[in-house]
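What follows is each chain in one-letter form.
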Amino acid sequence: GEEPRVLSGREATYTAGKDTGRYWDAGAANVHWVVSTDGQVGQGFAEALGRVRAPGVLVEGNSFLKHAGADFTVMVARPDRAQLKPTARWALRKTSALYLSQFRDELEPEAVRILLDELKSAGDLGKTPQTFPVYTRQTLPQLSAEIRASLAFKSTHAPQAV
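Residues numbered from 1 in each chain as written. Predicted model: local features only at pLDDT ≥ 70, side-chain atom pairs only at ≥ 80, totals over all residues. Heavy atoms only, no water.

**Comments concerning the pattern of salt bridges**
Rule in force here: When a carboxyl oxygen of Asp or Glu lies within 4 Å of a side-chain nitrogen of Lys or Arg, that pair is called a salt bridge. Only DSSP runs of H or I reaching four residues or more are called helices, and only runs of E reaching two or more are called strands; each is numbered from the N terminus. Think of it in three bands: with a 1.4 Å probe and only protein chains considered, a residue is buried below 20% of the maximum accessible area for its type, exposed above 50%, and partly exposed in between.
This model, assessed by the stated rule, comprises two salt bridges. Here D19 and R22 are joined by a salt bridge, their closest N and O atoms 3.1 Å apart. Taken together, the positions of D19 and R22, both in helix 2 (residues 19-25) and three residues apart, correspond to about one turn of that helix. The partly exposed category is assigned to D19, whose relative accessible area is 34%. Relative accessible area serves as the criterion here: at 47%, R22 is assigned to the partly exposed category. With a shortest N-O distance of 2.7 Å, R51 and E47 are connected by a salt bridge. By relative accessible area, which is 33% here, R51 ends up partly exposed. Here E47 falls in the partly exposed class, since its relative accessible area comes to 33%.

Structure representation (structure tokens):
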């Protein structure tokens, strides 16, 4: 349509097995889904964000980064693929951490090194001006702590009105 659509609430956004369903199942209290064309992402994101009344927001996807900043950005890559989606490659320069999702119980350090080498040779990591930590399911508690620490630092160092 002419305008982006923002779906809100469990009834409008819950679908079992889809990301929005997983968010609700994990305990989310306020889920919004923006349906938009590429040219409507900024407007849709602003509308959805305007509906949120919470100290922190988790946003799935990366297209909103063209229109808004993020305090902490996690790029998710699959260990069985040595590449990121082309639409996500540009977002690596805004990435705070890389999370390697996995389908086995454990990712060996050698497998992580091989994956990162393959990503770098494909140009995915070679274009980033920074290095960032890499997390797996085993180090998920450390990633969670890193996100909390980043947000705590921001809130304690936010400009104060005088």
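Next comes the rest of the account.
**A closer look at the pairing of strand 3 (residues 74-77)**
Our working rule: We call two strands paired when DSSP finds no fewer than two bridges between them.
Burial along strand 3 is one-sided: the face carrying M75 and A77 is buried and the face carrying V74 and V76 is not. Judged from the four bridges that link them, strand 3 and strand 4 (residues 97-100) form a sheet pairing that is parallel. Bridged to M75 within strand 4 is L98.

**Regarding the nonpolar core**
Which entries qualify depends on this criterion: Throughout, nonpolar core names a set of buried Ala, Val, Leu, Ile, Met, Phe, Trp, Tyr and Cys residues whose side chains join them through atoms within 4.5 Å. Here, residues are in contact when the closest pair of their heavy atoms is within 4.5 Å.
If you look at the biggest cluster of nonpolar residues, it comprises 12 residues: F45, F64, L65, M75, A77, A88, W90, A91, L92, L98, L100 and F132. Mapped onto this core, the elements with two or more residues apiece are strand 3 and strand 4. Residue contacts for A91: discarding those within four places in its chain leaves N62, L65 and M75. Counting five residues, the second largest nonpolar core, distinct from the first, contains F72, A97, Y135 and L143.

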